[in-house]
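# Report on the structure
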Amino acid sequence: MTLTEQAPASHPLARAPGRLTGTLRRVRGQRATVLVGGAVFAAVVLVLLLTPWIAPFDPAAQDLTRRMAGPSADHWLGTDHLGRDVLSRLMHGGRFSVTVAAVTLLLSALIGTLVGAFSARIGGLLDEVLMRVVDLLIAIPDVIVALFLIAVLGTGHSTLIAALTVVGWTPFARLARGLALEINGRDFVEAAEALGCSRTFIVVRHVIPNALRPVTALGFLRFGHKLITVGGLSFLGLGVQPPDSDWGAMLLDAQPYLEQAPLLVLVPGLAIFVTALSVTLVGQGVEPHADDRA
């Protein structure tokens, strides 16, 4: 082909500029998504960390003379049916909701990744049994299992975390197993096997590090689900117990006053939505695509 000739539209050289432009556009979009979501979530976390020092009132302090008051200079988001400051309750309640969701997610990711990676490495009957267990647990809604465990073990922080972890590890196990099956066929894994490296060494040194980015992306995407589940269980009265509170419990307390003071419902609901959306945006931004793995 001479310099003056043009490549046909179907020729790879003709498609290269378009593919490059599309890749650059996608990379810029991913970066913007991560920045926006990360900035919002970082702001939420910063406020929650500083809550003991910046919260204007004791979240449990009652003032019946100012119950159901609207926003004012003293109470920026008003007060609830017991005269408690809504902003202070929102900040302190967010610490519980976000902490439980984060701890549950970390435990689920750790357990699921290890189970999936070792299951793929071991193979055979054990792998088949573990994957059938995963399929069974995935088919059961998280809330159903949580309700059963809470009914047996009682309410409490540890029970709520355990209940959400029991089925929370299954998506990570399925993803880690699929990634491990692909990684096990790569040259560096075969070289490690030829050198006599142990199964544990190969999983920890080679399989898990190469599966870390997809697992991290899944973790970000699952955080919103965990946060909503924690709020839902608290809304049912199975989460944090009075006088403590979280965003789900605030929704429960505000339900009878929806028409009289809709702000009491809007504030915690919006907090759950914004926090879950910000982390989901980060997960969508760091999620690996086919072109990244090629």
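Above this note sits the structure.
Model, not experiment: these values are computed from the prediction.

Close approach of charged atoms lets side chains of opposite charge pair. All told, the structure shown has 11 salt bridges when counted by the stated rule. In this structure, the salt-bridge partner of Asp-253 is Arg-89, at a minimum N-O distance of 3.2 Å. Note that Asp-253 is positioned in helix H10 (residues 247-254) and Arg-89 in helix H3 (residues 86-122), a separation of 164 residues in sequence. A salt bridge links Asp-135 to Arg-174; its shortest N-O distance comes to 2.2 Å. Taken together, the residues span a long stretch of sequence, with Asp-135 in helix H4 (residues 124-139) and Arg-174 in helix H7 (residues 170-183) at a distance of 39 residues. Judged by its relative accessible area of 43%, Arg-174 falls in the partly exposed class.

Moving on to the packing of aromatic side chains. With the rule as written, the count across this model stands at one aromatic pair. Centroid distance Phe-41 to Phe-223: 5.7 Å. Interplanar angle 75°. Geometry classified as edge-to-face. Here the residue Phe-41 occupies a position in helix H1 (residues 12-49), and Phe-223 occupies one in helix H9 (residues 199-235), the gap between them amounting to 182 residues.

To continue, consider the nonpolar core. In terms of nonpolar packing, the biggest core is built from 38 residues, with Phe-223, Leu-227, Trp-247 and Leu-264 touching the most fellow members. Elements represented by at least two residues in this core include exactly H1, H3, H7, helix H8 (187-194), H9, H10 and helix H11 (263-286). By residue number, the principal contributor to this core is H9, which donates nine residues. Every residue in contact with Trp-247, bar those within four places of it in the chain, is listed here: Leu-90, Gly-93, Gly-94, Ser-97, Val-98, Leu-227, Pro-268, Ala-271, Ile-272 and Thr-275. Among the nonpolar cores identified, the runner-up in size contains 20 residues, and Val-145, Ala-163, Trp-169 and Ala-173 belong to it.

Thresholds applied
- Residues numbered from 1 in each chain as written.
- Predicted model: local features only at pLDDT ≥ 70, side-chain atom pairs only at ≥ 80, totals over all residues.
- Heavy atoms only, no water.
- Salt bridge = Lys/Arg side-chain N within 4 Å of Asp/Glu carboxyl O.
- Helix = DSSP H or I, 4+ residues; strand = E, 2+ residues; numbered from the N terminus.
- Buried < 20%, exposed > 50% of the residue type's maximum accessible area, 1.4 Å probe, protein only.
- Phe/Tyr/Trp six-rings, centres within 6.5 Å; stacked < 30°, edge-to-face > 60°.
- Core = buried A, V, L, I, M, F, W, Y, C linked by side-chain atoms within 4.5 Å.
- Contact = heavy atoms within 4.5 Å.

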